[in-house]
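# Structural overview for review
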Amino acid sequence: MIRRAEKEDIPKIYELGNQLHKNYSATNNLEHMFEELYFKIFVAEEDNNVVGFLSITELYETVDILDIFVLEKYRRKKIASRLLNYMMGSVNSNVTLFTLEVASDNKNALGLYGQFGFEVIQKRLMYYDNTDAYLMGRRCKNEE
């Protein structure tokens, strides 16, 4: 099941986030972020447990995907795809651009984002320690 995160999910999101980035808890104040209208987190539940999350900022016509993570045990079960689909269906109708950054050597993520129509906009040299990153984007038209 995919759903919008609730404050009760914060400890589990921190736990998952720390597997994604070693300093996730230190650099993200989720309690404060939950109070901001432009910040959203979606979680994936399997076996009554949060096993993945996706966080975004939604400002005017742009959504920036900040993080997406699924526990290794639950990967290759379309959970990341379901998170992306749910998020894209949950944003305001005025959104025309989705963006994200991804390590250039993260083949699995690049394949996932490609399936959703994301394209490389720019390459950022040595963005992640010793790895380049891609700024990727996906344009969509308003359905009016």
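In what follows, the structure referred to is the one given above.
In this text, all values refer to a predicted model and were calculated from it rather than measured experimentally.

## Some words on the pattern of salt bridges
This model, assessed by the stated rule, comprises eight salt bridges. Between Glu58 and Lys40 there is a salt bridge whose closest N-O contact spans 2.6 Å. Of the two residues, Glu58 is situated in strand 3 (residues 49-59) and Lys40 in strand 2 (residues 39-46); the sequence distance between them amounts to 18 residues. A relative accessible area of 7% means that Glu58 is categorised as buried.

## What to know about the packing of helix 4 (residues 79-90) against helix 5 (residues 107-115)
Following both chains from N to C, one finds helix 4 and helix 5 inclined at 40 degrees, their axes separated by 11 Å at the closest point. The angle between helix 4 and helix 5 falls in the class oblique. The interaxial crossing formed by helix 4 with helix 5 has right-handed handedness. Contacts between helix 4 and helix 5 involve Ala80, Ser81 and Leu84 on the former and, on the latter, Leu112, Tyr113 and Gln115. Across the contact of helix 4 with helix 5, the residue classes tally to four nonpolar, two polar and no charged.

## Some remarks on the packing of aromatic side chains
Given two aromatic rings, their pairing is described by the distance between the two centres and the angle made by the two planes. If you walk through the whole model with that rule in mind, you get five aromatic pairs. Ring geometry for Phe42 against Tyr86: centres 5.7 Å apart, planes inclined by 70 degrees, an arrangement best described as edge-to-face. Linking Phe42 in strand 2 with Tyr86 in helix 4, this pair joins segments that are 44 residues apart in sequence. On the basis of relative accessible area, Phe42 is assigned to the buried category, the value being 2%. You can call Tyr86 partly exposed: its relative accessible area is 34%. Arranged with centres 5.0 Å apart and planes meeting at 90 degrees, the rings of Tyr127 and Tyr128 form a pair that is edge-to-face. Relative accessible area serves as the criterion here: at 31%, Tyr128 is assigned to the partly exposed category.

## A few points about a nonpolar patch on the surface
On the surface, Tyr38, Leu59 and Tyr60 cluster together into a nonpolar patch covering about 360 Å² of accessible area. When you line up the elements, Leu59 lands in strand 3. Exposure remark for Leu59: the relative accessible area of 43% places this residue in the partly exposed category.

## Side note on the pairing of strand 3
Of all the 11 residues making up strand 3, nine are buried; the element is thus mostly covered by neighbouring parts of the structure. Pairing between strand 2 and strand 3: eight bridges, direction antiparallel. Residue pairing in the sheet places Lys40 in a bridge with Ile56 of strand 3. Linking two consecutive strands that pair antiparallel, namely strand 2 and strand 3, is a turn of two residues; a positive phi of about 55 degrees is found at Asp47 within it. As paired strands, strand 3 and strand 4 (residues 62-70) are joined by eight bridges and run antiparallel to one another. When the bridges of strand 4 are listed, Glu58 appears paired with Val63.

## Some remarks on helix 5
Inspection of helix 5 places Ala109, Leu110, Leu112 and Tyr113 among the buried residues, and these make up the whole buried set. The arc that holds every buried residue of helix 5, seen down its axis, measures 160 degrees, which confines them to one face. Across helix 5 from its buried face, at more than 90 degrees, point the exposed residues Lys107, Asn108 and Gln115. If you follow the buried residues of helix 5, they end up packed against strand 4, helix 4, strand 5 (97-103) and strand 7 (131-139). Positive phi shows up at Gly117, right after helix 5, with a value of about 85 degrees.

What counts as what
Residues numbered from 1 in each chain as written. Predicted model: local features only at pLDDT ≥ 70, side-chain atom pairs only at ≥ 80, totals over all residues. Heavy atoms only, no water. Salt bridge = Lys/Arg side-chain N within 4 Å of Asp/Glu carboxyl O. Helix = DSSP H or I, 4+ residues; strand = E, 2+ residues; numbered from the N terminus. Buried < 20%, exposed > 50% of the residue type's maximum accessible area, 1.4 Å probe, protein only. Axes fitted to C-alpha atoms, helices over the stretch in contact; angles between N-to-C directions. Parallel < 35°, antiparallel > 145°, perpendicular 65-115°, else oblique. Left-handed = near helix turned anticlockwise from the far one by under 90°. Contact = heavy atoms within 4.5 Å. Nonpolar A, V, L, I, M, F, W, Y, C, P; charged D, E, K, R; others polar. Phe/Tyr/Trp six-rings, centres within 6.5 Å; stacked < 30°, edge-to-face > 60°. Patch = residues over 30% accessible without salt bridge, like charges linked within 9 Å, V, L, I, M, F, W, Y side chains within 5 Å. Areas by Shrake-Rupley, 256 points an atom, 1.4 Å probe, with all protein chains shown as cover. Pairing = 2+ DSSP bridges. Arc of directions from axis to C-beta.

Honestly, it's all geometry; don't read function into it.
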